[in-house]
Protein chains: 2
Amino acid sequence: MSVKIFLDESEIPRQWYNIAADIKTKPPLGPDGKPLNPQSLAAVFPMNLIEQEVSTQRWIDIPEEVIEMFYRWRPSPLKRAVYLEKALDTPAKIFYKDESVSPAGSHKPNSAIPQAWYNKQFGTKMLTTETGAGQWGSALAFACSLVGLKCKVFMVRISFDQKPFRKTMMQTWGGECVASPSNDTAFGRKILQEDPSCPGSLGIAISEAVEAAVSDPTGKTKYTLGSVLNHVMLHQTIIGLEAKKQLAKIGIKKPDIVIGCAGGGSNFSGISFPFAHDVINGEEITIIPVEPASCPTLTRGIYTYDFGDCAGLTPLLPMHTLGHNFLPEPIHAGGLRYHGMSPLVSQCVVDGLMQPRAIAQLECYRAAIKWATTEGGIIAPESSHAVAATIQEALKAKEEGKEKVILMSLSGHGHMDLMGYEKFLSGKLEDHSLAQEEIEKAKKELENLPQIA
Amino acid sequence: MSVKIFLDESEIPRQWYNIAADIKTKPPLGPDGKPLNPQSLAAVFPMNLIEQEVSTQRWIDIPEEVIEMFYRWRPSPLKRAVYLEKALDTPAKIFYKDESVSPAGSHKPNSAIPQAWYNKQFGTKMLTTETGAGQWGSALAFACSLVGLKCKVFMVRISFDQKPFRKTMMQTWGGECVASPSNDTAFGRKILQEDPSCPGSLGIAISEAVEAAVSDPTGKTKYTLGSVLNHVMLHQTIIGLEAKKQLAKIGIKKPDIVIGCAGGGSNFSGISFPFAHDVINGEEITIIPVEPASCPTLTRGIYTYDFGDCAGLTPLLPMHTLGHNFLPEPIHAGGLRYHGMSPLVSQCVVDGLMQPRAIAQLECYRAAIKWATTEGGIIAPESSHAVAATIQEALKAKEEGKEKVILMSLSGHGHMDLMGYEKFLSGKLEDHSLAQEEIEKAKKELENLPQIA
């Protein structure tokens, strides 16, 4: 039995899977509370991506040039975690899709490259975006270097200061990275005038990135987002589509359990949507999005309309949310600190296709250490949530004496996240459980926004 | 044409290639100036590794259990650098062996794992070592976690302070990492008493690691080294042996040029020795070890007996050296800042099997940026030396209009080395050329040591 299952480059999927063809979604709403006119997004996004955002076509062709750029690391390896299986003494077979092998170190380039490519086709000259932990900003800078676009990333100042090397990565790929709030936008200047030492927030960074895009008088600057939106989920399905082919190669018809970490949903949708398709068609597969106990959007949040950002500038999205004013604890899985969730993932949960689970930080770090000392790699704190749930399921399979097949997505490496490991190993990390009153507060605030019919 | 060429796990080489069978080497000398008795190393190394160190058997079996540990990432991919080829508009075909995919991020585990395994077989309970930049210390901690040995790494204090996350990596794998000089050894305490703020050196760290090994009254603690020694070069040949099989798979009988960076020689010997074997047997291949212009051991050093460490504690080795008192400029390719060279690599150069080349730091960083914006990955500053030479050769092939096959070893990723990129990108790096008087000084000092007959 092989530890690594590769696909030839010729076997890479040629189409993305669009789950919007198979589930009933609610429309996003404009500031007037009415369903959003796609045209109204044209100042921010190119029309070819807006078309993908609203498409209900089940299979969408991946452009050949995008596939050729993917060959740097795709198809990514599927690996069997034989060393972890042995350490757990479990009858379960654990497979993981290793997305850490991309040049940017995570699954994020799966969408950054097509977004950059479609923008290039459309005539865009420059892309802006915001980044928190830095994974998305790095991936976009990498993608822009490949297709020949300028790239400007607004990075939340507190992260910018704590992780200076993320900026260096972006610069290595020719991208510009500024701390947000910055002096480069009117909104940033206003904030800095009020509070020169403002640590920034994702909401402020989004506002600056959008302003930088729409204020370009040539109209050649567009904005990008690395999660939450439908077209991002679409692009990420290449993960699960490849995994299916790889499992088939070794004679496995279907996994029993599919696991991924979930913040905004980009990695999780990637591994799970192609299998959710099978569940819709009657297959029995347990699909588990794993979120931090301190930011339990799917397990304890409210399913309603809410803003995608903290500043209330975006359209209203139908999703599980803890309220756009919710500020999660500063856990080290920065990519999972999001108040909302991809509307497509939320709809799947509402439809009963998925069984979300929340796990606290310390259990996740213990899982990451177990992973490092068995499988070897030092993984991202986000990915450690998937590993923690995988260990739970593998031990359950052992208890039940069942030879289950578990498929997990490893979203990225943790080489830029060693600060969290350092704090965990020196006993400085704690678990935070979210107070119920925070959720009650959010519930009240959300009552003032439009409700899902 | 595929970008990535994989081997099945069943195709992994089952034997290492020992070049000592095919070249005439001079013996190391003991402190008395006489050829070293292998037994005298027994306080420091286990006998099974000492046997490998002095062996002249051409092919040495790789233990099955070592191979099973390798499957986490080996056989490593051979990749064709099609994106760089296109950017250079060269007729050359550039292939690179990607050793950055190991859990520790470099080729170092190729020797760390067998060294840990042989020690475990021998009854060793704990391994000690020194580390400069941290690559070897990380690899050894990883290897020890796999076989179940304690691991203690003495890390040069200045690196320890500059790269705190290397320590975190080692701790994640269960290893102990202390700044050297430390209070844990008599030698360290002596140094600290004289100079409490001593920044340390590789020489001091070696002394402490050896003392920590030999002073264990149970005799169950041994010392390990990640480069220079014959058995380390032996273990690394798996790189080139795999590359040969991978080239054969796509119908390439031999490369025209083989390139690797060279500090102590571990990565370089790995990619090149199997091809040097072919050169010995009449094949025409240009083999290029690439070193920093500021530490030009092979291109400007003296071939003579010298100590392996800076403190003069090790046996005398026949090698190219800049003198054991030579302190290279603090360039960012920490793994190439070594005054000497593997005796086996030195002998190959003396025998005319290899054509060493020195390249200055700025050209290497420019090559690394070109790599990141074409191939994608952010590579180690050490590896950038190999890339710079590869670009030189690819452009030469273009001038000559020849479709040459270039094979390069990519020794590791640069995720822990972004400080150097940051300095380069902000214009703070300079080139240092070594003054001839430094070499004259070394020559004089080396005259007091035994000479090669």
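Because the structure is predicted, anything quoted here is derived from the model rather than measured.

A. Just the overall build of chain A, in detail. Each helix and strand in chain A was counted, giving 18 helices and 15 strands. Against the globule reference of 22 Å for 453 residues, chain A gives a C-alpha radius of gyration of 21 Å, in line with a compact fold. Along the first, second and third principal axes, the C-alpha set of chain A runs to 60 × 50 × 50 Å. For chain A, buried positions account for 64% of its 453 residues. The contacts of chain A with a sequence gap of at least 6 include a subset with a gap of at least 24, amounting to 77%. A total accessible area of about 16100 Å² is found for chain A, and carbon and sulfur atoms account for 51% of it. Across chain A, 45 positive and 50 negative side-chain charges occur, with their mean positions spaced 3 Å apart.

B. Layout of the interface of chain A and chain B. Residue-level contacts link 42 residues of chain A with 42 residues of chain B. Summing the contributions of chain A and of chain B, the shared interface buries around 3400 Å²; its carbon and sulfur component is 60%. Considering only the surface of chain A that becomes buried against chain B, A:Lys4, A:Arg72 and A:Thr172 emerge as the three largest contributors, covering 18% of it. Inspection of the region where chain A meets chain B yields 2 salt bridges. One salt bridge connects A:Lys4 with B:Glu9, and the closest N-O pair in it is separated by 3.1 Å. Counting across the chain A and chain B interface gives 22 residue pairs in polar contact (both at pLDDT 80 or more). Put simply, the parts of the chain that give the side of chain A that touches chain B at least two residues each are helix H2 (64-70), helix H5 (135-147), helix H7 (164-172), helix H15 (361-374) and helix H17 (418-425) of chain A. Tallied by class, the residues present in the side of chain A that touches chain B amount to 22 nonpolar, 11 polar and 9 charged.

C. Main features of the pattern of salt bridges. A complete count under the given rule lists 38 salt bridges over all chains for this structure. Residues B:Asp22 and B:Arg58 are paired through a salt bridge, measuring 2.6 Å at the closest nitrogen-oxygen approach. Within this pair, whereas B:Asp22 is found in the loop between strand E2 (15-17) and helix H1 (47-54), its partner B:Arg58 is found in the loop between H1 and strand E3 (59-61), the two being separated by 36 residues in sequence. Of the residues examined, B:Arg58 reaches a relative accessible area of 34% and is grouped as partly exposed. The salt bridge partner of B:Arg74 is B:Glu99, with a shortest N-O separation of 2.8 Å. Of this pair, B:Arg74 sits in the loop between helix H2 (64-70) and strand E4 (78-80) while B:Glu99 sits in the loop between strand E5 (93-98) and helix H4 (109-122), placing them 25 residues apart in sequence. Here the residues in one salt-bridge network are A:Arg74, A:Lys97, A:Glu99 and A:Glu242, joined through shared partners.

D. Geometry of H4(B). All names here are of chain B. Under the 1.5 Å per step criterion, the end-to-end length of H4 is 19 Å for 14 residues, consistent within 8% with the ideal 20 Å. Within H4, 11 of the 14 residues are buried, leaving the element largely enclosed by the surrounding structure. Listed in full, the buried residues belonging to H4 are Pro109, Asn110, Ser111, Ala112, Ile113, Pro114, Gln115, Ala116, Trp117, Tyr118 and Asn119. Gly123 occupies a position one or two residues after H4 and carries a positive phi of about 105°.

E. Here's a closer look at the packing of aromatic side chains. This structure, assessed with the given rule, holds 19 aromatic pairs over all chains. Summarising the aromatic geometry, the rings of A:Tyr17 and A:Trp59 are spaced 5.4 Å apart at their centres and angled 45° between planes, so their arrangement reads as tilted. Of the two residues, A:Tyr17 sits in strand E2 (residues 15-17) while A:Trp59 sits in strand E3 (residues 59-61), which places them 42 residues apart along the sequence. When the centroid spacing of 5.3 Å and the interplanar angle of 15° are considered together, the rings of B:Tyr365 and B:Phe424 count as stacked. Linking B:Tyr365 in helix H15 (residues 361-374) with B:Phe424 in helix H17 (residues 418-425), this pair joins segments that are 59 residues apart in sequence. According to the relative accessible area criterion, B:Tyr365 is buried, its value standing at 3%. The rings of A:Phe70, A:Trp73, A:Phe142 and A:Trp173 are connected pair by pair, giving a single aromatic cluster. Over the ring of B:Tyr83 we find A:Arg72, and its NZ or CZ is 3.4 Å from the ring centre. One cation-aromatic arrangement involves B:Lys244 over B:Phe275; the distance from NZ or CZ to the ring centre is 5.6 Å.

F. Region of interest: the sheet that holds strand E9 (residues 221-223) of chain B. Residues and elements named next belong to chain B. If you walk across this open sheet you meet the 4 strands as E8-E7-E6-E9, and the pairing is parallel. Strands at the two margins of the open sheet, each flanked by one partner only, are strand E8 (176-180) and E9. The mean angle between the axes of side-by-side strands here comes to 25°, regardless of whether they run parallel or antiparallel. Here strand E7 (residues 150-156) pairs with E8 via 5 bridges, running parallel. Looking across to E8, one finds that Met155 is bridged to Ala179.

G. Examining the sheet that holds strand E7 (residues 150-156) of chain A more closely. All names here are of chain A. Spatial ordering of the open sheet is given by E8-E7-E6-E9, a layout of 4 strands whose pairing is parallel. Two strands in the sheet have a free side with no partner beyond their single neighbour: strand E8 (176-180) and strand E9 (221-223). Neighbour-to-neighbour, the strand axes of this sheet turn through a mean angle of 25°, independent of strand direction. The sheet strands contacting H5 are strand E6 (126-131) and E7, and the helix crosses E6 at an angle near 165°.

H. Representation of the relation of the copies chain A and chain B in the model. Rotating chain A by 180° and moving it 0.0 Å along the rotation axis overlays it on chain B with an RMSD of 0.0 Å. Interpreted geometrically, this transformation is the action of a two-fold axis. In terms of C-alpha distance to the rotation axis, chain A has A:His415 as its closest residue, with the C-alpha 3.2 Å off the axis.

I. The arrangement of the confidence of the model for chain A in detail. Per-chain confidence: chain A averages 95 in pLDDT, with 100% of residues scoring 70 or above. Scoring the predicted complex yields pTM 0.97 and, for the interface, ipTM 0.96.

J. Here's a closer look at the environment of B:Glu99. Residue and element names in this part refer to chain B. Since its relative accessible area comes to 0%, Glu99 is described here as buried. Sequence separation of Glu99 and Leu410 is 311 residues, and the distance between their C-alpha atoms is 5.8 Å. Residues contacting Glu99, with those up to four places away along its chain left out, are Arg74, Ser76, Gly105, Ser106, His107, Asn110, Ile239, Ser409, Leu410 and Ser411. In this structure the side chain of Glu99 is engaged in a polar contact, spanning 3.1 Å, whose partner is the side chain of Asn110.

K. Region of interest: helix H14 (residues 343-350) of chain A. All names here are of chain A. For H14, the tally of buried residues reaches 7 of 8 residues, placing the bulk of the element in the interior. For H14, the set of buried residues is Pro343, Leu344, Val345, Ser346, Gln347, Cys348 and Val349. Those residues of H14 hidden inside the fold are in contact with helix H10 (230-236), helix H12 (266-280), helix H13 (297-300), strand E12 (302-307) and strand E13 (316-321). Just past H14, the residue Gly352 takes up positive phi, approximately 80°.

L. Looking closely at the packing of H15(A) against helix H16 (residues 381-400) of chain A. All names here are of chain A. Close contact between H15 and H16 brings their axes to 8 Å; oriented N to C, the two are set at 85°. It follows from the interaxial angle that H15 and H16 lie roughly perpendicular. In this structure, H15 contributes Glu363, Cys364, Tyr365, Ala367, Ala368, Lys370 and Trp371 to the contact, and H16 contributes Pro381, Ser384, His385, Val387, Ala388, Ile391 and Gln392. Residue composition of the contact of H15 with H16, by class: 9 nonpolar, 3 polar and 2 charged.

M. Looking closely at the pairing of strand E15 (residues 405-410) of chain B. Residues and elements named next belong to chain B. Most of E15 is tucked away, with 6 of its 6 residues classed as buried. Burial along E15 is two-sided: the face carrying Val405, Leu407 and Ser409 and the face carrying Ile406, Met408 and Leu410 are both buried. Sheet topology places E5 next to E15; 6 bridges connect them, and they run parallel. In the strand pairing of E15, Tyr96 is matched with Met408. The pairing of strand E10 (residues 257-261) with E15 spans 3 bridges and is classified as parallel. Paired with Val258 across the bridge in E15 is Leu407.

Reading the values: rules and limits
- Residues numbered from 1 in each chain as written.
- Chains lettered and ligands numbered in written order.
- Predicted model: local features only at pLDDT ≥ 70, side-chain atom pairs only at ≥ 80, totals over all residues.
- Heavy atoms only, no water.
- Helix = DSSP H or I, 4+ residues; strand = E, 2+ residues; numbered from the N terminus.
- Rg over C-alpha atoms; globule rule 2.2 N^0.38 Å.
- Buried < 20%, exposed > 50% of the residue type's maximum accessible area, 1.4 Å probe, protein only.
- Contact = heavy atoms within 4.5 Å.
- Areas by Shrake-Rupley, 256 points an atom, 1.4 Å probe, with all protein chains shown as cover.
- Lys, Arg positive; Asp, Glu negative; His and termini not counted.
- Charge placed at Lys NZ, Arg CZ, Asp CG, Glu CD.
- Buried area = accessible area lost by both parts, 1.4 Å probe.
- Salt bridge = Lys/Arg side-chain N within 4 Å of Asp/Glu carboxyl O.
- Polar contact = N/O pair within 3.5 Å; in protein donor to acceptor, adjacent residues only side chain to side chain.
- Nonpolar A, V, L, I, M, F, W, Y, C, P; charged D, E, K, R; others polar.
- Expected span 1.5 Å × (residues − 1).
- Phe/Tyr/Trp six-rings, centres within 6.5 Å; stacked < 30°, edge-to-face > 60°.
- Lys NZ or Arg CZ within 6 Å of the ring centre and 35° of its normal.
- Pairing = 2+ DSSP bridges.
- Axes fitted to C-alpha atoms, helices over the stretch in contact; angles between N-to-C directions.
- Least-squares fit on C-alpha atoms with pLDDT ≥ 70 in both.
- pLDDT = per-residue confidence, 0-100.
- Parallel < 35°, antiparallel > 145°, perpendicular 65-115°, else oblique.

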